[in-house]
Amino acid sequence: MRTFDIVIIGSGIAGGFLARQLRLARPDLGVLVLEAAGAMEDYKVGESTVEVAANYMVRRLNLGTYLYQHQLPKNGLRFFFDGPGKDLPLPRMSEIGSDHMPFHPSFQLERARLERDLVAMNRAAGAEVELGAKVVDLAIDGGGRHRVVYEQGGERREVACRWVCDASGRRHVLLRKLGVKVHKETRLNTAAAWGRYRGVAGLDAVTDAAWRSRARYTSRHLSTNHFMYDGYWIWFIPLAGDLMSVGVVFDKDRIGEGSAPAGALPGPRTRADFERFLGAHRAVRELLEGAELEDFQAYAHLPYHADRYFSTDRYAVTGEAGAFTDPFYSPGSDFIATANEFITQMILADVGGDRSGFEERVAAYDAYYRFKYDSTLRLYERMYPVFGSFELYRLKYLLDFNNYYNLVVWPFMADRVTDVGWIREELRFTDLVLRALSTMGDHFASLAADLRARGEYFAQNEGRFANGLNGVVQLETRLGPSLDERFRREQVDRAYGSVFAALVERRLAERGLSDRARLVSELKLPQVLTFRDITPDRLARVLERIGERMTKDLRAEFPDAGVERVDLGSGGEVSVTGPAVGTEVHAAVLSRARSLWDASAGSLAHVAL
């Protein structure tokens, strides 16, 4: 019987990346990859990557040259918003996107080609990769060697190993064999349908001069393009060569069969439904004119999670073999990068004889991965009804994009994600983070319902452009190998304060509130969490607190003026009680109070578009 240090089940990007990482980290490790497919030709969804995965591929896997030579660079995420009749031409749709390539790279992956190339790379690096090798049985022995049985070419073969790592995707080979429960997620009820088209001219073929110039002629084609609607979104992702991945993700509770609001389309389940669904949207229909649909696939349900991902019995799962949330922000490859980093560090500790360090890593990594799943899921929970409004989604994207760069990308780039001490500290705040995500989700959903009832949900969906990168420009020179914890905390408070103040202004129709420094600074994350509802009474209490602080400041600045109280009213009104009205002292104090109240917060919600 042949013996290996690690057997990896599956040679998709999760397993292929893991094999490459292990061989780069420890070239003496014996790695066997068992891939059920006889050839790496299967079209797979999940082509779009974001910054964590890109950093992992370039920095950890040394794939930068390969990616730029054989795959496509990505021009960030881009979002388009339609009218209620789904009939706006593309140049008139409101848009969130960049006017230049992002300052940290990401890529669009043609998965079949990449996975074929990974087989060759891994074999060249000394890993054994067996194609057409279907795992049919395995036995985990925490005190000895595991056994893995596979069939290949009509023969049954068996190997022994110290570690088993499952990258088999939704087949869940390892977890099913061990009886580890994989849960269908109920908090987010989404499904997807997709295919590849050949002959799509692409967004850069649109010749409208004003539309092209507003993005400074940067390539919209290279973006992951989202067409945003109430309850669903449609993606356009370019692939190397003459292929375009096009898909629909929809909330079955919003547009599913039997639950669709009047006038809504049911979610597509078949190839014919899919083409009909896409054809009902003018901009999408015009982009696909003359293109040919090459293949079609669908998932009836997207999100799921497992009870366990890593074990001291020396097994682990990565990629979709463990969990999946939602493809909206393209997090799948980020999950792969994180799991593979964890698995590599666990294996290195184990084979290095560091038993206590190994056990500490397993416990910390498993807890953090479960937290990562839960926090990512809450980004999307209840959010599908928000997606169709430019006004609402612009604010959500500001918050999500800032938190992603600050709280996710930066620690990964600084190699803190595998630091057990850092993870333990992060896990102390899991309740705070999850409550923050749920609280903001509730407020977004409530405002969406409110705007829909007022007939204002689509009010800003035509003719507007927001440069998404401008909201994170303050992080451009910061991201790197060293964390600045004070700056990171300031950015969390700034992001939540900016966005929440804008939600309060819109919900209560209190124009002029959202860029006031005194208000935004009052709405740091802990204060935001105290808001169960946005009501006039609750705002009045906040304004009263701000007035009390301004009173103290004015008393210090004007000690002889007899300032008793500062009152802040709706519409930006300011009054000062104490100095006699009509006197120079009252005028001076009132002028200063107004300048304090009118001072700009530099709110992210007011970043130049």
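Our subject is the structure that appears above.
Rules and cut-offs
- Residues numbered from 1 in each chain as written.
- Predicted model: local features only at pLDDT ≥ 70, side-chain atom pairs only at ≥ 80, totals over all residues.
- Heavy atoms only, no water.
- Helix = DSSP H or I, 4+ residues; strand = E, 2+ residues; numbered from the N terminus.
- Rg over C-alpha atoms; globule rule 2.2 N^0.38 Å.
- Contact = heavy atoms within 4.5 Å.
- Areas by Shrake-Rupley, 256 points an atom, 1.4 Å probe, with all protein chains shown as cover.
- Lys, Arg positive; Asp, Glu negative; His and termini not counted.
- Charge placed at Lys NZ, Arg CZ, Asp CG, Glu CD.
- Buried < 20%, exposed > 50% of the residue type's maximum accessible area, 1.4 Å probe, protein only.
- Pairing = 2+ DSSP bridges.
- Axes fitted to C-alpha atoms, helices over the stretch in contact; angles between N-to-C directions.
- Salt bridge = Lys/Arg side-chain N within 4 Å of Asp/Glu carboxyl O.
- Core = buried A, V, L, I, M, F, W, Y, C linked by side-chain atoms within 4.5 Å.
- Parallel < 35°, antiparallel > 145°, perpendicular 65-115°, else oblique.
- Nonpolar A, V, L, I, M, F, W, Y, C, P; charged D, E, K, R; others polar.
- Expected span 1.5 Å × (residues − 1).
- Disulfide = S-S within 2.5 Å.
- Phe/Tyr/Trp six-rings, centres within 6.5 Å; stacked < 30°, edge-to-face > 60°.
- Polar contact = N/O pair within 3.5 Å; in protein donor to acceptor, adjacent residues only side chain to side chain.

## Side note on the overall build of the protein
At step 1: Assigned secondary structure in the protein consists of 19 helices and 22 strands.
At step 2: Against the compact-globule benchmark of 25 Å for 609 residues, the protein has a radius of gyration of 27 Å, which places it among compact chains.
At step 3: Dimensions of the protein, computed from the C-alpha atoms along their principal axes, are close to 100 × 60 × 45 Å.
At step 4: Relative to all contacts within the protein whose residues are 6 or more apart in sequence, the contacts with residues 24 or more apart total 75%.
At step 5: Looking at the protein as shown, the accessible area adds up to about 24000 Å², and 47% of this sits on carbon and sulfur atoms.
At step 6: Taking the average location of the 79 positive side-chain charges in the protein and that of its 82 negative ones, the two points are 1 Å from each other.

## Remarks on unusual backbone geometry
At step 1: A positive phi angle, close to 55°, is found at K86, a residue other than glycine.
At step 2: Mapped onto the secondary structure, K86 falls in the loop between β4 (77-81) and β5 (94-97).
At step 3: Not every positive phi belongs to a glycine, and D415 is a case in point at roughly 60°.
At step 4: Mapped onto the secondary structure, D415 falls in the loop between α12 (390-413) and α13 (420-427).
At step 5: Residue D415 is classed as partly exposed on the basis of its relative accessible area, which comes to 35%.

## Here's the deal with the sheet that holds strand β14 (residues 232-239)
At step 1: On the basis of which strands lie adjacent, the open sheet formed by eight strands has the order β16-β12-β15-β14-β13-β4-β5-β20 and mixed pairing. What marks the edges here is a single partner per strand, and that holds for β16 (292-299) and β20 (465-467). Averaged over neighbouring strand pairs, the angle between their axes works out to 15° when direction is ignored.
At step 2: With seven bridges joining them, strand β12 (residues 190-198) and β16 adopt antiparallel strand pairing. By the bridge assignment for β16, A193 is matched with A298.
At step 3: Seen against the sheet, helix α8 (residues 271-279) touches β12, β14, β15 (243-251) and β16 and runs at an angle of roughly 110° to β16.
At step 4: On the sheet, α12 packs against β4, β5, β13 (224-229) and β20 and is oriented at approximately 10° with respect to β5.

## Quick notes on the pattern of salt bridges
When their charged atoms lie close together, side chains carrying opposite charge are able to pair.
At step 1: Under the criterion given, the structure shown has 50 salt bridges.
At step 2: A salt bridge links D230 to R452, with the shortest nitrogen-to-oxygen separation between them at 3.1 Å. Of this pair, D230 sits in the loop between β13 and β14 while R452 sits in helix α14 (residues 430-454), and the two are 222 residues apart along the sequence.
At step 3: The exposure class of R452 is partly exposed, given its relative accessible area of 29%.

## Topic: the pairing of β12
At step 1: Counted residue by residue, β12 has eight buried out of nine residues, so it is predominantly covered.
At step 2: Where β12 and β15 come together, nine bridges link them in antiparallel fashion. Within β15, the position partnered with A192 by the bridge is V249.

## Structural notes on the nonpolar core
At step 1: In terms of nonpolar packing, the biggest core is built from 175 residues, with I8, F17, F79, F310, M346 and Y393 touching the most fellow members.
At step 2: Looking at this core, the element that brings in the most residues is α12, giving 14 residues.
At step 3: Among the nonpolar cores identified, the runner-up in size contains 30 residues, and A191, Y232, L287 and L293 belong to it.

## Quick word on the side chain of H104
At step 1: Topologically, H104 is positioned in the loop between β5 and β6 (107-108).
At step 2: H104 has contacts with E51, Y405, M413, E476 and L479, leaving out every residue within four places of it along the chain.

## Points about the environment of K86
At step 1: For K86, a relative accessible area of 17% puts it in the buried group.
At step 2: Remark: the alpha-carbon pair of K86 and V206, spanning 120 residues in sequence, is separated by 18 Å.

## Focus: the packing of α12 against α14
At step 1: Where α12 meets α14, the closest approach of the two axes is 10 Å, and the angle between their N-to-C directions is 170°. By the criterion of interaxial angle, the relationship of α12 to α14 is roughly antiparallel. Contact residues: E391, L392, L395, K396 and L399 in α12; M440, F444, L447, A448 and L451 in α14.
At step 2: When the residues that make up the contact of α12 with α14 are grouped by side-chain class, the tally is eight nonpolar, no polar and two charged.

## Remarks on helix α4 (residues 111-124)
At step 1: For α4, which comprises 14 residues, the first-to-last C-alpha distance of 20 Å matches the rise-based estimate of 20 Å (1.5 Å per residue) to within 8%.
At step 2: R111, A112, L114, E115, L118, V119, M121 and N122 are the residues of α4 that are buried.
At step 3: Those residues of α4 that are buried are in contact with α1 (13-25), α3 (64-70) and β7 (128-131).
At step 4: Of the residues trailing α4, G126 is marked for its positive phi of about 105°.

## Looking at the pairing of strand β8 (residues 134-139)
At step 1: In terms of strand pairing, β8 meets strand β9 (residues 146-152) through five bridges, oriented antiparallel. Bridge pairing in β9 places L138 opposite V148.
At step 2: In sequence, β8 turns back onto β9 through a hairpin of six residues.

## Here we look at the state of the cysteines
At step 1: If you walk through the whole model with that rule in mind, you get zero disulfides.
At step 2: C161 takes part in no disulfide bond, and the closest cysteine sulfur, belonging to C165, lies 8.6 Å away.
At step 3: For C165, a relative accessible area of 0% gives the class buried.

## Focus: the packing of aromatic side chains
At step 1: For the coordinates displayed, the defined rule picks out 42 aromatic pairs.
At step 2: Taken together, a centroid distance of 4.3 Å and an interplanar angle of 10° make the contact between F328 and F387 stacked. Within this pair, whereas F328 is found in the loop between β19 (315-317) and α10 (332-351), its partner F387 is found in the loop between α11 (355-380) and α12, the two being separated by 59 residues in sequence.
At step 3: Note on F328: relative accessible area 0%, which makes it buried.
At step 4: Arranged with centres 4.9 Å apart and planes meeting at 65°, the rings of F500 and F531 form a pair that is edge-to-face. Taken together, the residues F500 in helix α15 (residues 485-508) and F531 in the loop between α17 (525-528) and α18 (536-557) connect sequence positions 31 residues apart.
At step 5: What makes F500 buried here is its relative accessible area of 0%.

## With respect to the side chain of H226
At step 1: Tracing the sequence through the fold places H226 in strand β13.
At step 2: Relative accessible area serves as the criterion here: at 0%, H226 is assigned to the buried category.
At step 3: Within the structure, the side chain of H226 is placed 3.1 Å from the backbone oxygen of T224, a separation counted as a polar contact.
At step 4: The residues touching H226, leaving out its near neighbours within four places in the chain, are L77, R78, F79, F80, W233, I234 and F328.

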